[in-house]
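Okay, here's what each chain looks like letter by letter:
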Amino acid sequence: MKSLSKILEKWEPVIGLEVHAQLSTDTKMFCGCRNMYGDPPNTHTCPVCLGLPGALPVANEKAIEYTLKLGLALGCKISLKSHFARKNYFYPDLPKGYQISQYNEPLCLGGSVTIRQNGELKEIPLIRIHLEEDAGKSIHSADEKGTKIDFNRCGVPLVEIVSAPEIRSPKEAREYLIRLKQILQYLGICNCHMEQGNLRCDANISLRRKGEKPFGIRTEMKNMNSFRGVERALFFEINRQAGLLESGKEVVQETRLWNESEQKAEVMRGKEDAPDYRYFPEPDLVPMVITEKQLASIRSDLVELPHEKEDRMLSDYGIRLNDAIILASDVHLVDYFEQIVELGVDPQEAVKWMLGVMLRVLKDEIYIIESFPIKPNRLATLLKAVGNGIVNINTAKSVFQKMLTSDKTATQIIKEEGLMQVSDSEKLRTIIEGILLHHPDEVSRYRDGKKGLFGFFMGQIMRKTRGQSTPKIVKEILTEILDGNKT
Ligand SMILES: [Zn+2]
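Nothing here was measured: the structure is a model prediction, and the numbers come from that model.

Draft legend 1. Focus on the overall build of the chain. Regarding its fold elements, the chain presents 16 helices and 17 strands. Scaling as 2.2 N^0.38, a compact globule of 487 residues should have a C-alpha radius of gyration of about 23 Å, whereas the chain reaches 30 Å, well beyond that. The principal-axis extents of the C-alpha atoms in the chain amount to approximately 95 × 55 × 55 Å. When the 487 residues of the chain are sorted by exposure, 34% land in the buried category.

Spelled out as structure tokens, the structure:
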């Protein structure tokens, strides 16, 4: 394979992404069945989602509200009149023989997703966001003897978010997806577990000669199950198309399936366009009428978007952009941070702690922040004890470890275990003088110019005081004694 930068010297990728996100409503899109992942197969079904004759769908109000919430957050134009349409196709896990989706007049038009590229904000425009239902799930048996179907997923509400073909590299595609996932989480409308299929992505891609306007012939890539997978699949396809075009051949419009284990895409089916689906307005559902009042109420509930949060963290707390990006990448993490700052912890100290200690513990001990055993008020007490000089940072780390498995407060643990720092100067001076008396050789070598021994003395003192002395005060006293010719 050629390197991407080599190909990009000559060709410009034109990428558009279609993201399907399952909405985290309690019930399905057109019936009262539970919208629940992981339960035994076919335990959440009814005549409506099984497509039995005569069963009538009723639209889920919450799913419409969630779609409008997403549309308003992304600056889309909301269609005040919108309707559902039948998209006709046969698939074994689609029992009705059609999917209820939207065609003309989708709920949201336009809008954009703001990503950050090398620190700069870039808007990726959207074409539309529409609401539809998911299909069931086919489970192919390993011995190829048959396929079982689970209809629990059939009828789960889905939004399809269609970007304009304005993405220019696999990396940009990945950043767009990461951002979109963050936005869905910030809005609280999708669980975003990729491994559970909450979030799925198809990509359209074509190449055009650099500097030219008209689009080339595109292919559609399906079946990528991670953001890295999307990036790899796009890279593979850019390489394949560039190879064809450079040898004078044509790209054929087709749908290709990404095979992650073999790192290649195989042809799934030929050209497919809207007329193949014979869309028509869904006769069993009344059109949706959205009122300005409804929109105003949803708008008043909107939260900050991730890029706004990053910017505000810079201006409100004076923290570095890179730190803000890491914290804001997870809505629960950034909420936690803001709560401890609200409780009086210095923002810089809070950042240091969260990125240095907390993320490592979350990762190593496989906690998720939502159910982290140390709630913000408990951590705030500990970090304030560090700020006030009651314990030093190393002691705080061990107190933190103890708090993970205990309900005790930081104050209780510090008191019970006598972990307070020794910052009483006179007491420290006595300890330091005692240590220097024990090391007369080192003291004279230090005074002869071997200044590196300072660290040795510091280490001895910290050990003697079990790490509970205030390094700043120890340093002052030690300097005074050593350099002031006193022992
Ligand atoms: Zn149902």
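Now that the structure has been shown, the text picks up again.
Draft legend 2. Geometry of the packing of helix α13 (residues 425-438) against helix α16 (residues 471-483). Where α13 contacts α16, the axes come no closer than 10 Å and their chain directions differ by 55 degrees. In terms of orientation, α13 and α16 fall into the oblique class. Considering how the two elements wind past one another, α13 and α16 form a crossing that is right-handed. Along the contact surface, α13 presents Ser425, Leu428, Arg429, Ile432, Glu433 and Leu436, while α16 presents Ile473, Val474, Ile477, Leu478 and Ile481. Considering only residue class, the contact of α13 with α16 consists of 8 nonpolar, 1 polar and 2 charged.

Draft legend 3. Quick look at the domain arrangement of the chain. When its domains are assigned, the chain resolves into domain 1 (4-296), domain 2 (304-416) and domain 3 (425-483). Just the C-alpha atoms count here: the centres of domain 2 and domain 3 sit 33 Å apart. Residues of the side of domain 2 that touches domain 3, tallied by class, amount to no nonpolar, 4 polar and no charged.

Draft legend 4. Here's a closer look at helix α4 (residues 227-246). Along its 20 residues, α4 runs 28 Å from first to last C-alpha, staying within 8% of the 28 Å computed at 1.5 Å per residue. Considered for burial, the residues of α4 that qualify are Val230, Glu231, Ala233, Leu234, Phe235, Glu237, Ile238, Gln241 and Ala242. Immediately beyond the C-terminal end of α4, within one or two residues, lies Gly248, with a positive phi of roughly 80 degrees.

Draft legend 5. Main features of the environment of Gln102. Counting through the fold element by element, Gln102 comes out in the loop between β5 (98-101) and β6 (108-109). A sequence separation of 44 residues divides Gln102 from Val58, and the C-alpha atoms of the two residues are 15 Å apart. With residues up to four places along the chain from it excluded, the contact list for Gln102 reads Ser82, Phe84, Ala85, Leu107, His130, Leu131 and Glu132.

Draft legend 6. Structural view of the sheet that holds β5. The 3 strands are arranged β5-β4-β16 in an open sheet whose pairing can be described as antiparallel. The open sheet has two edge strands with one neighbour each: β5 and β16 (280-281). Inspection of the sheet shows strand β4 (residues 85-88) paired to β16 by 2 bridges, in the antiparallel sense. Across the sheet, Arg86 pairs through a bridge with Phe280, a residue of β16.

Basis of the calculations
Each chain has its residues counted from 1, running along the sequence as written. pLDDT decides what is reported in this predicted model: residues at 70 or higher carry local features, side-chain atom pairs at 80 or more are listed and counted, and totals for whole chains, interfaces and linings draw on all residues regardless. Helix and strand definitions here come from DSSP, where helices need a minimum of 4 consecutive H or I residues and strands a minimum of 2 consecutive E residues; each element is numbered from the N-terminal end. Put simply, the radius of gyration uses C-alpha atoms, and a globule should come to 2.2 Å times the residue count raised to 0.38. Between the buried cut of 20 or more and the exposed cut of 12 or fewer other C-beta atoms within 10 Å of a residue's own C-beta lies the partly exposed class, and all C-beta atoms are placed from the backbone. Whenever a helix is involved, its axis is fitted only over the stretch in contact; in every case the axis is a line through C-alpha atoms, and angles between N-to-C directions fall within 0 to 180 degrees. Note on terminology: angles under 35 degrees are roughly parallel, angles over 145 are roughly antiparallel, angles of 65 to 115 are roughly perpendicular, and the others are oblique. In this scheme the handedness of a crossing depends on how the near helix is turned from the far one: anticlockwise by less than a right angle means left-handed, clockwise means right-handed. Whether two residues are in contact depends on their C-beta atoms, placed from the backbone: they are in contact if these lie within 7 Å. Polarity classes work like this: nonpolar for Ala, Val, Leu, Ile, Met, Phe, Trp, Tyr, Cys and Pro, charged for Asp, Glu, Lys and Arg, and polar for all others, with Gly in that last group. Domains are outlined according to an automatic or database domain assignment. Each helix should span, by expectation, one fewer than its residue count multiplied by 1.5 Å. Should DSSP find at least two bridges between two strands, the strands are taken to pair.

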